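The chain contents come next:
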Number of protein chains: 2
Amino acid sequence: MRANLTPDVALAASLFEGLHERSYDGVGVTRDAYGPGEQAAHDLVRAAAEGLRLETDIDAAGNLYMTLPGSDRAAKRIVLGSHLDSVARGGNYDGAAGVLAGLAAVAGMQEAGFTPARDITVLAVRAEEAGSWFPTSYPGSRAALGRLPAEVLEVRRMDTGRTLAEHMRGQGFDPDAVRAGTGRLGPANTAAYVEVHIEQGPVLDTAEIPVGIVTGIPGSRRLRDARVLGAYNHSGATPRRYRADAAIALAELAHRLDDHWAALETQGHALVATFCVLATTAEAGFTKIPGEARFQLDMRSVQPASVDAMMTELHRLIPRIEARRGVRFELGAETTSRAAPMDAAVQAGLAAAAGGLGIPFRSMPSGGGHDAAAFAEAGVPAGMLFVRNQNGSHNPNEAMRMEDFAAACAVLTRWAAAAAG
Amino acid sequence: MRANLTPDVALAASLFEGLHERSYDGVGVTRDAYGPGEQAAHDLVRAAAEGLRLETDIDAAGNLYMTLPGSDRAAKRIVLGSHLDSVARGGNYDGAAGVLAGLAAVAGMQEAGFTPARDITVLAVRAEEAGSWFPTSYPGSRAALGRLPAEVLEVRRMDTGRTLAEHMRGQGFDPDAVRAGTGRLGPANTAAYVEVHIEQGPVLDTAEIPVGIVTGIPGSRRLRDARVLGAYNHSGATPRRYRADAAIALAELAHRLDDHWAALETQGHALVATFCVLATTAEAGFTKIPGEARFQLDMRSVQPASVDAMMTELHRLIPRIEARRGVRFELGAETTSRAAPMDAAVQAGLAAAAGGLGIPFRSMPSGGGHDAAAFAEAGVPAGMLFVRNQNGSHNPNEAMRMEDFAAACAVLTRWAAAAAG
């Protein structure tokens, strides 16, 4: 019977359209975490789940659970999850693909009259793109797991200035319960968590392979609010030796650190390092030497030693640049996340499902962080399935093909049926 | 009689206070060119000139002429000029010091009962800080000289988006007459133009010398609207070799060009080069590789070969960076201004006046551009007198001491009396 399970990709396609309609902002899609954009997506997906007569439930943090009951309701469940929020002016597939793949899988099971041995829950996590809205990672999944530190509820959304707790409460949820650590999921009741996600880089597309099985999620060291302080002076009248040019000091730091990254790569390190923002401030203008510049730096690797090597170089360069250029760096708070390996048995199960279906796949590390990292850190066996995608993610030009999405849905459905069986 | 001429520095001090009151913006002073800020300054200065019973007149471009009549009204006049506009959140002395020094000089002559042999006109020029409001140089003085190209009237103020002609008309002036080239001043009716100005760099302050006699004004080559175009991609998931990072490409260009400037200095070149703006755009944000960055570049030297050498290096670097980093530079229009040597006889006269008063001075090039360059280019013998100043210019911390200003006024008054005699 399981061999006949076919995911309901048409349902997912229709929901992709609905999501796009509700969140198109004129450039891309914006589904702001704990804001109206994310909420509209949750409302649409919840309505679809109710149409499928799945059991729906929402926890204190607003995560949405859509469950196909298994024959043994007490058995550890399978969770197929991802998030519905997006970065500002982002694409329609990042996040949503995983939730809709889960719905396609359980809808396919229902259509075939298949009852799994254990519950299969499709999980729409809140605020995975928190990094672009709040200065934290995975608040939704960590709350679902009962592992969100209380202080994270006090971080403020970068655009609104309101805290995460205020945003939760504003959407009708219960930050006090989140603070108390009452999670719904954990190793005691969850057999495995699998997240379908578009690949956010060009690796699968370049290799012409439709799906990827993720080996691990990188850890990170990040500066979100770093500054360089110099002195504003007249750009014509201030000789070189009297300058304290914040912009050129930052340019030197960025260029030298980029050189160091290139050197580490030739030594076999695998990492990425990005100055996501590198900018003089609004005070800058023609005929002025920039007296201030700010930057955001995002460094990631599955190997902690690689980002540590970059941070060491940063701290070696800064005092030299400060002394030579008469500026001062203020790095602000550093945020970190640990690397998370994916569960070996889940990887093997996904590979077996793809192999059984004749779908080519590649085993590969993730580049970005994902909720699967929070599940792995909580001790839940976790895995991820990447879908080939054109033009990257976090931009309006994301261009996942539906046949690749269908391939990922087929692997997910086969794996879930086997894992739940 | 001339030896007893004492400039009315108290009048100037009172006008400095009045200007500050009318243009303080909470941070510095803002006297926007052809806007309410500049107009308020002109109104105050004109009222003071009328109080002194000077002849006042305003030309088609809004320049204000305040004339102490000489005994021979047909003789070529002496012009003591500067501007009253400022950069946004600038200082109170840049520009205004020259106009108030002129008023202090003629008021001192009146008080002593001194009638010059020829007219002495204090000139308040419009829009010298045009560079920070409109993408052009010296529109006011070039209009006064009948030398403003018609197309300059169509440039747009950077903040309002309205053209220079619209701004002139909005203040009640006559851009059509400016377009027709009917200037008031030129070599035929002007014996000399002298401009007092705060030094915009730290040279006099470091050398502990109160005044400087300017040898020349640098020429410039400038990019005001240059961009680097790459591709926005996910900062975690995009390996180094797939990136087209606009910010890091710009950082490399800026750092390497700065190194080239340092090398040219060791070879004896005297120049300045400033990335006044160097910035990712509003689209940038955490977890994104910057797909676009923009910059403004201001390069100046009294020696054209020095800025040409920098521009050559810029054009050598760009294709290399483009090829290696997958980005594209769009430099936009380049604006240029020619270097302007100051008149030798005017310099000698100012030196004689300072020497006669026992006031120490240094001969030095200007760093910034000034209206004196437009007069020199028009063939009017031009000179400049710098006043020691702390904390640079174009910022709220300009800190010229009144005793240094008084020294400059004394030199100016003595020179003007001699030149008009």
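These figures come from a predicted structure and were not determined experimentally. Per chain, residue numbering runs from 1 following the sequence as it is written. Just so you know, chain letters begin at A and ligand numbers begin at 1, following the order they were written in. Local features in a predicted model are, by the rule used here, given only for residues with pLDDT of at least 70; side-chain atom pairs are given and counted only at 80 or more, and totals for whole chains, interfaces and linings are based on all residues. Side-chain measures here rest on the full set of heavy atoms in the structure, leaving out hydrogens and waters.

Visitor: Explain the nonpolar core residue by residue, including any values.
Guide: What makes a nonpolar core is a set of buried Ala, Val, Leu, Ile, Met, Phe, Trp, Tyr and Cys residues whose side-chain atoms join them at distances within 4.5 Å. Burial classes follow relative accessibility: with a 1.4 Å probe on protein chains only, a residue under 20% of its type's maximum area counts as buried, one over 50% as exposed, and anything between as partly exposed. Ranked by size, the top nonpolar core spans 68 residues in total, and within it Phe295 and Phe329 of chain A together with Phe295 and Phe329 of chain B carry the most contacts. Whether two residues touch is decided by their heavy atoms; if any such pair falls within 4.5 Å, the residues are in contact. Ignoring any residue separated from it by four or fewer positions in sequence, one finds phenylalanine 329 of chain B in contact with Arg227, Val228, Ala249, Leu253, Phe295, Ile318, Ile321 and Glu322 of chain B.

Visitor: Tell me about the packing of aromatic side chains, and name the residues and values.
Guide: Centre distance within 6.5 Å is the pairing criterion for rings of Phe, Tyr and Trp, where only the six-membered ring of Trp is used; planes under 30 degrees apart are then read as stacked, over 60 as edge-to-face, and the remainder as tilted. Evaluation of the coordinates by the stated rule reveals eleven aromatic pairs over all chains. Ring centres 6.4 Å apart and planes at 75 degrees place the aromatic pair phenylalanine 295 of chain B and phenylalanine 329 of chain B in the edge-to-face group. Remark: phenylalanine 329 of chain B occurs in strand E13 (residues 328-330) and phenylalanine 295 of chain B occurs in strand E12 (residues 292-301); sequence separation between them is 34 residues. By relative accessible area, phenylalanine 295 of chain B is classed as buried at 1%. Looking at phenylalanine 329 of chain B, the relative accessible area reads 8%, which means it is buried. Following the ring pairs from residue to residue traces out a cluster consisting of Phe16, Tyr93 and Phe405 of chain A. We count a charge as sitting over a ring when the NZ of a lysine or the CZ of an arginine lies within 6 Å of the ring centre and within 35 degrees of the ring normal. Across from the ring centre of tyrosine 232 of chain A, 5.6 Å away, lies the NZ or CZ of lysine 288 of chain A, which sits over that ring. For the cation-ring pair, arginine 224 of chain B lies above phenylalanine 286 of chain A, with the distance from its terminal atom to the ring centre recorded as 4.4 Å. Each helix is a run of H or I in the DSSP string that is no shorter than four residues. Each strand is a run of E no shorter than two, and both are numbered from the N terminus.

Visitor: I'd love a proper account of the pairing of strand E2 (residues 64-68) of chain B, names of residues and values included.
Guide: Residues and elements named next belong to chain B. Extensive coverage of E2 is indicated by the burial of five of its five residues. Covered by surrounding structure in E2 are Leu64, Met66 and Leu68 together with Tyr65 and Thr67, the residues of both alternating faces. In this antiparallel pair of consecutive strands, strand E1 (residues 55-58) and E2, the connection spans five residues, and glycine 62 shows a positive phi of 90 degrees. Strand pairing is defined by DSSP finding a minimum of two bridges between the two strands. As paired elements, E2 and strand E4 (residues 120-125) share five bridges and run antiparallel to each other. Counterpart to leucine 68 in the pairing with E4 is isoleucine 120.

Visitor: Mind laying out the interface of chain B and chain A, listing which residues take part and the relevant values?
Guide: Taken together, the contact pairs 66 residues of chain B with 66 residues of chain A. What gets called buried area is simply the loss in accessible area from a 1.4 Å probe that two parts show on being joined, summed for both. Across the chain B to chain A interface the summed buried area is about 5200 Å²; carbon plus sulfur atoms make up 58%. The largest per-residue losses of area from chain B upon contact with chain A belong to Arg240, His255 and Phe286 of chain B, which jointly make up 16% of the total buried on that side. What counts as a salt bridge is simple: a side-chain nitrogen of Lys or Arg found within 4 Å of a carboxyl oxygen of Asp or Glu. Run the count over chain B and chain A and you get six salt bridges. Here arginine 325 of chain B ties to aspartate 258 of chain A by a salt bridge, and the two come within 2.9 Å at their closest N and O atoms. In protein, a polar contact means a hydrogen-donor-capable atom and an acceptor-capable atom, both N or O and within 3.5 Å, with residues adjacent in sequence counting only if both atoms are side-chain atoms; elsewhere, any N or O pair within 3.5 Å suffices. For the interface between chain B and chain A, the tally reads 21 residue pairs in polar contact (both at pLDDT 80 or more). Those elements giving two or more residues to the side of chain B that touches chain A turn out to be helix H4 (130-133), helix H8 (203-207), strand E8 (219-229), strand E9 (233-234), helix H9 (246-266), strand E10 (272-280), strand E11 (288-289) and E12 of chain B. Broken down by element, the side of chain B that touches chain A gets its largest block of residues, eleven residues, from H9 of chain B. When its residues are assigned to classes, the side of chain B that touches chain A shows 28 nonpolar, 23 polar and 15 charged. Basically, the charged four are Asp, Glu, Lys and Arg, the nonpolar ten are Ala, Val, Leu, Ile, Met, Phe, Trp, Tyr, Cys and Pro, and anything else, Gly included, counts as polar.

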